[in-house]
Amino acid sequence: KKEGCLVEAARDLSVCYERIVELLCEESKWSQARPYQEQCLAIRQELAKTQQTSESKQDLSISYSFLGDIHLHEKSFTLAKDCYESSLSICTELVEHYDAVLYLRDYAVAYCKLGDYYFETHQTALARTFYEKCQSLCIQQYNQLCTPQSEEDLKEIEEKLRYCV
């Protein structure tokens, strides 16, 4: 029981770090946000390693994605790509080994983030490839769930595709 409390406390701490990161990023304070996101990532790496649950893996994927966003804004392109690729790898595992519908949005977001990386590094053909995969996943998600979020995701990726001509 004590171990369960420690796991829950560690996850709660990671969520606190993530909320601080979100606030700092809203103010474009990327360099101040990075250490908090790195701490969040370290906690979630340990939790994913010790817990081996889909939730801990999803949390880890999200942490990599957020850290990738920070690196992208700081123009640390190689680090951003590494984070986004780690996130995609985890999302691929989640979709293949757990409930695909449940993790479809995470999977689509991971493709979109890599598209953002390629767009920012002026590799529009590759950006388009990743955005098209994201679009395909968003359509699949919309057809299965038909939620306002899935509709919004689809509109957002279609907008990004317009810039990849």
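This text goes with the structure placed above it.
Anyway, here's the lowdown on the structure attached to this text. Please read these numbers as outputs of a predicted model, since none were measured by experiment. All residue numbers refer to position in the chain's written sequence, counted from 1. Residues qualify for local features only when their pLDDT is at least 70, as the model is predicted, and side-chain atom pairs are given and counted only at 80 or more; totals for whole chains, interfaces and linings, by contrast, use all residues. Hydrogens and water are ignored here; the side-chain numbers use all heavy atoms of the structure.

### A few points about the overall build of the protein chain
Now for step 1: In this description a helix means any DSSP run of H or I spanning at least four residues, a strand means any run of E spanning at least two, and both kinds are numbered starting from the N terminus. If you tally the helices and strands in the protein chain, you get seven helices and zero strands.
Now for step 2: Ordering the α and β elements of the protein chain from the N terminus gives α-α-α-α-α-α-α.
Now for step 3: In this description the radius of gyration comes from C-alpha coordinates, and the expected globular size is given by 2.2 Å times residues to the power 0.38. Radius of gyration (C-alpha) of the protein chain: 16 Å, near the 15 Å computed for a compact globule of 165 residues.
Now for step 4: Based on the C-alpha atoms only, the size of the protein chain along its principal axes is roughly 55 × 35 × 25 Å.
Now for step 5: Counting all 165 residues of the protein chain, 42% fall into the buried class.
Now for step 6: Residue contacts are counted whenever heavy atoms from the two residues lie within 4.5 Å of one another. Across the protein chain, the fraction of contacts at a sequence separation of at least 24, relative to all contacts at a separation of at least 6, is 55%.
Now for step 7: With residues, only the protein chains shown are counted as cover, and all accessible areas are computed by Shrake-Rupley using a 1.4 Å probe. Total accessible area on the protein chain stands at roughly 9200 Å², and carbon and sulfur atoms take up 52% of it.
Now for step 8: A gap of 2 Å separates the mean positions of the 18 positive and 28 negative side-chain charges of the protein chain. Classification of residues uses two cut-offs on accessible area relative to the type maximum, computed with a 1.4 Å probe and protein chains only: under 20% is buried, over 50% is exposed, and between them is partly exposed. When charges are counted, neither His nor the chain ends are considered; positive counts come from Lys and Arg and negative counts from Asp and Glu. Here the site of a charge means atom NZ of a Lys, CZ of an Arg, CG of an Asp or CD of a Glu.

### Overview of the environment of Ser 65
Now for step 1: Relative to the assigned elements, Ser 65 resides in helix α3 (residues 54-73).
Now for step 2: Sequence separation between Ser 65 and Tyr 84 is 19 residues, and the spatial gap between their C-alpha atoms is 5.5 Å.

### Focus on the nonpolar core
Now for step 1: Only buried residues count toward a nonpolar core, which is a set of Ala, Val, Leu, Ile, Met, Phe, Trp, Tyr and Cys residues joined through side-chain atoms within 4.5 Å. Tyr 107, Tyr 111, Tyr 131, Cys 134 and Ile 157 are the most contacted members of the largest nonpolar core, which totals 34 residues.
Now for step 2: Put simply, the parts of the chain that give this core at least two residues each are α2 (30-51), α3, α4 (77-97), α5 (100-120), α6 (124-145) and α7 (148-162).
Now for step 3: Cys 134 has contacts with Ala 108, Tyr 111, Cys 112 and Ile 157, leaving out every residue within four places of it along the chain.

### Quick look at the side chain of Asp 59
Now for step 1: One can find Asp 59 in helix α3.
Now for step 2: Judged by its relative accessible area of 8%, Asp 59 is buried.
Now for step 3: For Asp 59, the contacting residues outside a window of four places in its chain are Arg 11 and Arg 44.

### Quick notes on α3
Now for step 1: Multiplying 1.5 Å by the residue count of a helix minus one yields the expected span of that helix. Compared with an ideal rise of 1.5 Å per residue, which puts 20 residues at 28 Å, α3 spans 29 Å between its outermost C-alpha atoms and is within 8% of the ideal.
Now for step 2: Most of α3 is tucked away: 15 of the 20 residues are buried.

### Points about the packing of aromatic side chains
Now for step 1: Two aromatic rings, drawn from Phe, Tyr or Trp (for Trp, its six-membered ring), form a pair once their centres lie within 6.5 Å of each other, and the interplanar angle then sorts them: stacked below 30 degrees, edge-to-face above 60, tilted otherwise. The full count for this structure, using the stated rule, is six aromatic pairs.
Now for step 2: Centroid distance Tyr 98 to Tyr 103: 6.5 Å. Interplanar angle 70°. Geometry classified as edge-to-face.
Now for step 3: Residue Tyr 98 is classed as partly exposed on the basis of its relative accessible area of 32%.
Now for step 4: One aromatic cluster in this structure is built from Tyr 107, Tyr 111, Tyr 117, Tyr 118 and Phe 130.

### Brief notes about unusual backbone geometry
Now for step 1: Of note, the phi angle at His 122 is positive, near 60°, even though the residue is not glycine.
Now for step 2: Its place among the elements puts His 122 in the loop between α5 and α6.
Now for step 3: Its relative accessible area of 72% is what places His 122 among the exposed residues.
Now for step 4: Backbone geometry places Cys 146, a non-glycine residue, at a positive phi of 50°.
Now for step 5: Along the chain, Cys 146 turns up in the loop between α6 and α7.

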